[in-house]
Amino acid sequence: ESGERWDSLQRAWVPLQAGWKALWWEAVAVPPDVEDGEQFRQGLRQLAGDSLQLLSAALPAQAAAFPALFSLPVYASLVGMFELNNLGVVVASPVEDWF
């Protein structure tokens, strides 16, 4: 089963290999009204760490099975990839069926 999970992970990772990646807090442009760019980036790094902790807590089995995916550098690079490549994720809402 472990080998099957890794095979699935490798197949799922293929489209992500093509995107340009950087750590999220390094990829975001510092807004012009921000006086301390380093403090701004530290805040983003803290936000990434906090959100990763929440994600890991929400998906404990996956975090245990694939610990490298739940490391801050990998997580921040994935989030940074969305920032740098202007990617979006579209998920249909079940609420739409009622309107």
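Residues numbered from 1 in each chain as written. Predicted model: local features only at pLDDT ≥ 70, side-chain atom pairs only at ≥ 80, totals over all residues. Heavy atoms only, no water.

Looking now at the overall build of the protein. Helix and strand counts for the protein come out as five helices and zero strands. When the helices and strands of the protein are listed from N to C terminus, the series reads α-α-α-α-α. A compact globule built from 99 residues should have a C-alpha radius of gyration of about 13 Å, whereas the protein, at 16 Å, is more than 25% larger. When its C-alpha atoms are laid out on the principal axes, the protein stretches across 50 × 40 × 30 Å. Burial statistics for the protein: of 99 residues in total, 19% are counted as buried. Long-range contacts, defined here as pairs at least 24 residues apart, represent 55% of the contacts in the protein between residues at least 6 apart. With the model as given, the accessible surface of the protein reaches about 7,300 Å², and the carbon-plus-sulfur share is 59%. Charged side chains of the protein number 5 positive and 12 negative; the gap between the two group centres comes to 10 Å. (Helix = DSSP H or I, 4+ residues; strand = E, 2+ residues; numbered from the N terminus. Rg over C-alpha atoms; globule rule 2.2 N^0.38 Å. Buried < 20%, exposed > 50% of the residue type's maximum accessible area, 1.4 Å probe, protein only. Contact = heavy atoms within 4.5 Å. Areas by Shrake-Rupley, 256 points an atom, 1.4 Å probe, with all protein chains shown as cover. Lys, Arg positive; Asp, Glu negative; His and termini not counted. Charge placed at Lys NZ, Arg CZ, Asp CG, Glu CD.)

For the rest of this paragraph, the subject is a negative patch on the surface. There is a patch of like negative charges on the surface, built from Asp33, Glu35, Asp36 and Glu38. Residue placement: Glu38 occurs in helix H3 (residues 37–58). Assessed through its relative accessible area of 52%, Glu38 is described here as exposed. (Patch = residues over 30% accessible without salt bridge, like charges linked within 9 Å, V, L, I, M, F, W, Y side chains within 5 Å. Salt bridge = Lys/Arg side-chain N within 4 Å of Asp/Glu carboxyl O.)

On to helix H5 (residues 72–85), then. The end-to-end C-alpha separation of H5 is 20 Å, in line with the 20 Å expected for 14 residues at 1.5 Å each. Listing the buried residues of H5 in full gives Tyr75, Ala76, Ser77, Leu78, Gly80 and Met81. Asn86 occupies a position one or two residues after H5 and carries a positive phi of about 55°. (Expected span 1.5 Å × (residues − 1).)

Within the largest apolar cluster, six residues are counted, these being Trp24, Trp25, Val28, Leu44, Ala48 and Ala76. Counting only elements with at least two residues in this core, the list comes to helix H2 (24–27) and H3. Among residues more than four places away in sequence, those in contact with Ala76 are Ala22, Leu23, Trp24 and Trp25. (Core = buried A, V, L, I, M, F, W, Y, C linked by side-chain atoms within 4.5 Å.)

Right, let's get into the confidence of the model for the protein. Considering every residue of the protein, the mean pLDDT works out to 87; 95% of them sit at 70 or more. Within the protein, no element has a lower average pLDDT than helix H1 (residues 2–17), which sits at 80, and none a higher one than H3, at 97. (pLDDT = per-residue confidence, 0-100.)

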